[in-house]
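Secondary and tertiary structure notes
Chain residues, written in single-letter form:
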There are 2 protein chains.
Amino acid sequence: MPASDPMGRLQALLGKLPGVGRRSAERMAQALVRDGENLLPNLVAALREVEETVRLCSLCGGLTLKTQDPCALCRDPRREASQLCVVEEPSDIPLIERAGAFRGRYHALLGKISPMQGQGVPDRRVEALLKRIDSEGVREVILALNSDVESDATASYLADVLAKRPVKVTRLAFGIPAGSAISFSDPVTLARALQGRSPVGPS
Amino acid sequence: MPASDPMGRLQALLGKLPGVGRRSAERMAQALVRDGENLLPNLVAALREVEETVRLCSLCGGLTLKTQDPCALCRDPRREASQLCVVEEPSDIPLIERAGAFRGRYHALLGKISPMQGQGVPDRRVEALLKRIDSEGVREVILALNSDVESDATASYLADVLAKRPVKVTRLAFGIPAGSAISFSDPVTLARALQGRSPVGPS
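Residues numbered from 1 in each chain as written. Chains lettered and ligands numbered in written order. Predicted model: local features only at pLDDT ≥ 70, side-chain atom pairs only at ≥ 80, totals over all residues. Heavy atoms only, no water.

1. Overview of the sheet that holds strand 3 (residues 83-87) of chain A
Residue and element names in this part refer to chain A.
- One open sheet accounts for 4 strands, arranged 4-3-5-6; its pairing is parallel. The open sheet has two edge strands with one neighbour each: strand 4 (105-108) and strand 6 (168-171). In this sheet, neighbouring strand axes are inclined to one another by 25° on average, regardless of whether the strands run parallel or antiparallel.
- Inspection of the sheet shows strand 5 (residues 140-144) paired to strand 6 by 4 bridges, in the parallel sense. Considered in strand 6, the bridge of Leu 143 is made with Arg 171.
- Its contacts with the sheet put helix 5 (residues 92-99) on strand 3, strand 4 and strand 5, and the angle it makes with strand 3 is roughly 130°.
- Strands strand 3, strand 4 and strand 5 of the sheet are contacted by helix 6 (residues 123-136), whose axis makes an angle of about 160° with strand 4. (Pairing = 2+ DSSP bridges. Helix = DSSP H or I, 4+ residues; strand = E, 2+ residues; numbered from the N terminus. Axes fitted to C-alpha atoms, helices over the stretch in contact; angles between N-to-C directions. Contact = heavy atoms within 4.5 Å.)

Here it is as structure tokens:
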């Protein structure tokens, strides 16, 4: 088949998905053609269903149904409006929900500062964050960002942007993961765990 | 959104593609929802086009258009019918073609023996191979299989199956890759290169 064939087009599109290289895209496309379990038509149907029914919440940026915007979390009156948890990606929200330790609201940045890839936090998400702080009675902004150089840069940037707002800005603690041991921790993790040490003693 | 939502269904299907784990499927699904470049509708269109136009050649098992079966390679009268190159996957065929060192025909097994995953070579592809040997005047079967335990098992199995046929069965040479050095080669590669050594001298 020529280079500009249907398989080539499918592979090029699959290769645009995160974490999918040229060779992976090739294997996926082949599996879709060879498959005996109707994976291809089922995938088409699932993609179309997502296209038709799913969107990002216009308020927090999390995933929601098109029939339900703002999302259930944003509309829940039992959620604390005073605490706003800032995450990088919509998928971070259910992870924090599962931890069961947060009762406030969320705001997804939909990006982070990544000079190597020429990317930043979308301006409209930062503007939306400031608007929410001004209008929703937010008193604490918790930066629930990852632990890497880009996320650190994003945290610094947001701390600067938020400096003039009357809010406390905090960031998730870094340290030894639960159930892990010092011997399994890398030097950077240990250094951050030391910096974040907290007093213990008779309570 | 509930667990049985459109995103969950899409993620489950993406997770069935080769090399895609749960977390990768999640990231892909998110990218498809968030994307601003129409990746989702384009992907749906490309999948449907492949579904409608592409098939495996009923003879060699390679990729071809539905309007062109058997494929162009199988119908090309200039290809040597006496040499049959057995590959594992359809995608191996263009790779060997690009090497430009083979002028015979192909036969894709569409699988290999993998006891750990409970998989084998599809019986119908082995039967088709025997039928082609009997009817096409094949004199040499070249096993162009990979270099791993499953491929070795597949080669042994095929050598047994083909033992009663009047054909020579050969396998691709193993050795140091072109442009590489001994110091970059692992012990197994070196051992195989030694076993496959060939005489040199004044010609």
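2. Overview of helix 7 (residues 149-162) of chain B
All names here are of chain B.
- An ideal rise of 1.5 Å per residue puts 20 Å on 14 residues; helix 7 measures up with 20 Å between its terminal C-alpha atoms.
- For helix 7, the full list of buried residues reads Ser 151, Thr 154, Ala 155, Leu 158 and Leu 162. Looking straight down helix 7, one finds that the buried residues subtend no more than 100° of arc, so they occupy a single side. In helix 7, the exposed residues that point more than 90 degrees away from the buried face are Val 149 and Asp 160.
- As for helix 7, its buried residues are in contact with strand 3 (83-87), helix 6 (123-136), strand 5 (140-144) and strand 6 (168-171). (Expected span 1.5 Å × (residues − 1). Buried < 20%, exposed > 50% of the residue type's maximum accessible area, 1.4 Å probe, protein only. Arc of directions from axis to C-beta.)

3. A look at the packing of helix 3 (residues 39-53) of chain A against helix 1 (residues 6-14) of chain B
- The geometry of helix 3 of chain A relative to helix 1 of chain B is characterised by a closest axis approach of 9 Å and an angle of 150° between their N-to-C directions. One finds that helix 3 of chain A runs roughly antiparallel with respect to helix 1 of chain B. As for how helix 3 of chain A packs across helix 1 of chain B, the hand of that crossing is left-handed. Residue-level inspection shows Leu 39, Asn 42, Leu 43, Ala 46, Leu 47, Glu 49, Val 50 and Thr 53 of chain A of helix 3 of chain A in contact with helix 1 of chain B, the latter providing Pro 6, Met 7, Arg 9, Leu 10, Leu 13 and Leu 14 of chain B.
- Per-class residue counts for the contact of helix 3 of chain A with helix 1 of chain B are 10 nonpolar, 2 polar and 2 charged. (Parallel < 35°, antiparallel > 145°, perpendicular 65-115°, else oblique. Left-handed = near helix turned anticlockwise from the far one by under 90°. Nonpolar A, V, L, I, M, F, W, Y, C, P; charged D, E, K, R; others polar.)

4. Here's the deal with unusual backbone geometry
All names here are of chain A.
- In the segment running from Asp 69 into Pro 70, the intervening peptide bond is cis, with an omega of 5°.
- Along the chain, the position of Pro 70 falls in the loop between strand 2 (63-65) and helix 4 (72-75).
- Even without being glycine, Leu 110 reaches a positive phi, approximately 60°.
- The residue Leu 110 is located in the loop between strand 4 and helix 6 in this model.

5. Focus: the interface of chain B and chain A
- In this complex, chain B contributes 43 residues to the contact, which on the side of chain A involves 43 residues.
- Taken together, the two surfaces of chain B and chain A that pack against each other cover about 4300 Å², and 74% of this comes from carbon and sulfur.
- In terms of surface lost to chain A, no three residues of chain B exceed Leu 13, Arg 34 and Leu 47 of chain B, which account for 14% of the buried area on that side.
- Between chain B and chain A we count 4 salt bridges in total.
- Arg 34 of chain B is paired through a salt bridge with Glu 89 of chain A; the nearest N and O atoms lie 2.2 Å apart.
- Taken together, the links from chain B to chain A amount to 6 residue pairs in polar contact (both at pLDDT 80 or more).
- The greatest single-element share of the side of chain B that touches chain A, amounting to 13 residues, is contributed by helix 3 (residues 39-53) of chain B.
- Residues belonging to the side of chain B that touches chain A are distributed by class as follows: 27 nonpolar, 6 polar and 10 charged. (Buried area = accessible area lost by both parts, 1.4 Å probe. Salt bridge = Lys/Arg side-chain N within 4 Å of Asp/Glu carboxyl O. Polar contact = N/O pair within 3.5 Å; in protein donor to acceptor, adjacent residues only side chain to side chain.)

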